[in-house]
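Listed here are the chains, written in short residue letters.
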Amino acid sequence: LCIGKDVLGRDYKSRDWRQLDENGDPYPLEKLPLATAMRELREVLNVEHQIEALDGERKWLSVNAAPLFDEAGKLSGGVASFRDITENKRLVEELKKNQNRFEQMIKNSSDTIVILDEDGTQRYVSDAAERILGYKPDELINIPVIQEMINPDDIEKTQAAFLEIISKGYGGTRYRHKHKKGG
């Protein structure tokens, strides 16, 4: 975003800028970063709001502002900088949508899905564990699954597969897990 003679269809000195909050409502003029910096005589950092062009296009800005003082320490003006963060905002929204979609896939999966740390300790267990194994997910968190929950006949094979997964960064294996009711 450049502040020159023309920005999004307006002169930078124009009073016609439409500054909007995160909901698209008019941003209160007294809360704009430069107004706050001048009124409170302090630096204001990373305030996010939208601006709207004449054609209705909206851009997200991150604004920093600070008061300026003369040699005598008297307020003499202010300065503001603007950074276009429109693409960042779009990417964050896209990530939120993807995260929600994956959370729903895991939550509704008929398979038990687990996340282990490098030591083989379970850090996440999906809800399907209760239906399949009889354990509530929180009963399986922080348990070293290979040592404590796998059928003894499958431990060596599972440990080897786990080490390969750690090495490659992906993979999977099948093993027999202890059920809460035994077996």
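To keep things clear, this report deals only with the structure shown in the data block. Predicted model, so just to flag it, every value in this text is computed and none were measured.

The next subject is the sheet that holds strand β1 (residues 18–20). What the four strands build is an open sheet, ordered β1-β2-β3-β4; its pairing is antiparallel. Both outer strands of the open sheet, β1 and β4 (75–84), are each paired with one neighbouring strand and no more. Strand-to-strand twist in this sheet, taken as the mean axis angle between neighbours without regard to direction, amounts to 40 degrees. As judged from the seven bridges shared by strand β2 (residues 44–52) and strand β3 (residues 58–69), these two strands associate in the antiparallel manner. Residue Val-44 lies in a different strand from β3, and its bridge partner there is Ala-65.

Look at Leu-41: it is not a glycine, yet its phi comes out positive at around 55 degrees. By the secondary structure assignment, Leu-41 is in the loop between α1 (33–40) and β2. Overall, the relative accessible area of 47% leaves Leu-41 in the partly exposed class. Of note, the phi angle at Asn-142 is positive, near 65 degrees, even though the residue is not glycine. Here Asn-142 shows up in the loop between α4 (137–140) and α5 (145–148).

A separate point is the packing of aromatic side chains. Per the stated rule, a full pass over the model turns up zero aromatic pairs. The ring of Trp-60 has Lys-89 lying over it, and the distance from NZ or CZ to the ring centre is 4.4 Å. For Arg-101, the ring lying beneath its charged end belongs to Phe-102, and the centroid distance is 5.2 Å.

We now examine helix α6 (residues 155–168). The α-helix advances 3.6 residues per turn, and as a result positions three or four apart in sequence lie on the same side. Over its 14 residues, α6 extends 20 Å from the first C-alpha to the last, a length consistent with the 20 Å expected when each residue adds 1.5 Å. Along α6, the residues classified as buried are Thr-158, Ala-161 and Phe-162. An end-on view of α6 places all buried positions within 105 degrees of arc, on one side of the element. With respect to the buried face of α6, the exposed residues turned more than 90 degrees away are Glu-156 and Ser-167. Buried positions along α6 lie against β5 (114–116) and α5.

So, on to the environment of Ile-113. Summarising the element assignment, Ile-113 is placed in the loop between α2 (86–107) and β5. A relative accessible area of 28% means that Ile-113 is categorised as partly exposed. Measuring from C-alpha to C-alpha, the distance between Ile-113 and Gln-99 comes to 16 Å, with 14 residues separating the pair along the chain.

Before going further, it helps to examine the pattern of salt bridges. When their charged atoms lie close together, side chains carrying opposite charge are able to pair. In the structure shown here, the tally under the stated rule is 15 salt bridges. Salt-bridge contacts for Glu-48 lead to Lys-89; the nearest nitrogen and oxygen are separated by 2.7 Å. Highlighted residues: Glu-48 in strand β2 and Lys-89 in helix α2, separated in sequence by 41 residues. Given the relative accessible area of 38%, Glu-48 is considered partly exposed.

The rules behind the values
Residue numbering note: each chain is counted from 1, following its sequence as written. Only residues with pLDDT of at least 70 are given local features in this predicted model, and only at 80 or more are side-chain atom pairs given and counted; all residues enter the totals for whole chains, interfaces and linings. The side-chain figures draw on all heavy atoms in the structure; neither hydrogens nor water molecules are used. For two strands to be treated as a pair, DSSP must find no fewer than two bridges joining them. To qualify as a helix, a DSSP run of H or I must reach at least 4 residues; to qualify as a strand, a run of E must reach at least 2; elements of each kind are numbered from the N terminus. For helices, the fitted axis covers only the stretch in contact; all axes are lines through C-alpha atoms, and the angles between them, taken along N-to-C directions, range from 0 to 180 degrees. For each residue, the accessible area found with a 1.4 Å probe, counting protein chains only, is set against the maximum for its type, and the residue is called buried under 20%, exposed over 50%, and partly exposed in between. Within 6.5 Å between ring centres, the rings of Phe, Tyr and Trp (the latter by its six-membered ring) count as paired, and their orientation is classed by plane angle as stacked under 30 degrees, edge-to-face over 60, tilted in between. For a ring to carry a charge above it, either NZ of a lysine or CZ of an arginine must fall within 6 Å of the ring centroid while also lying within 35 degrees of the normal to the ring plane. A helix is expected to span 1.5 Å multiplied by its residue count minus one. To obtain the arc, one takes the directions from the helix axis to the C-beta atoms. Any pair of residues with heavy atoms lying within 4.5 Å of one another is described as a contacting pair. Any carboxyl oxygen of Asp or Glu that lies within 4 Å of a side-chain nitrogen of Lys or Arg is treated as forming a salt bridge with it.

In short, the description is geometric, and any link to function would need to be established separately.
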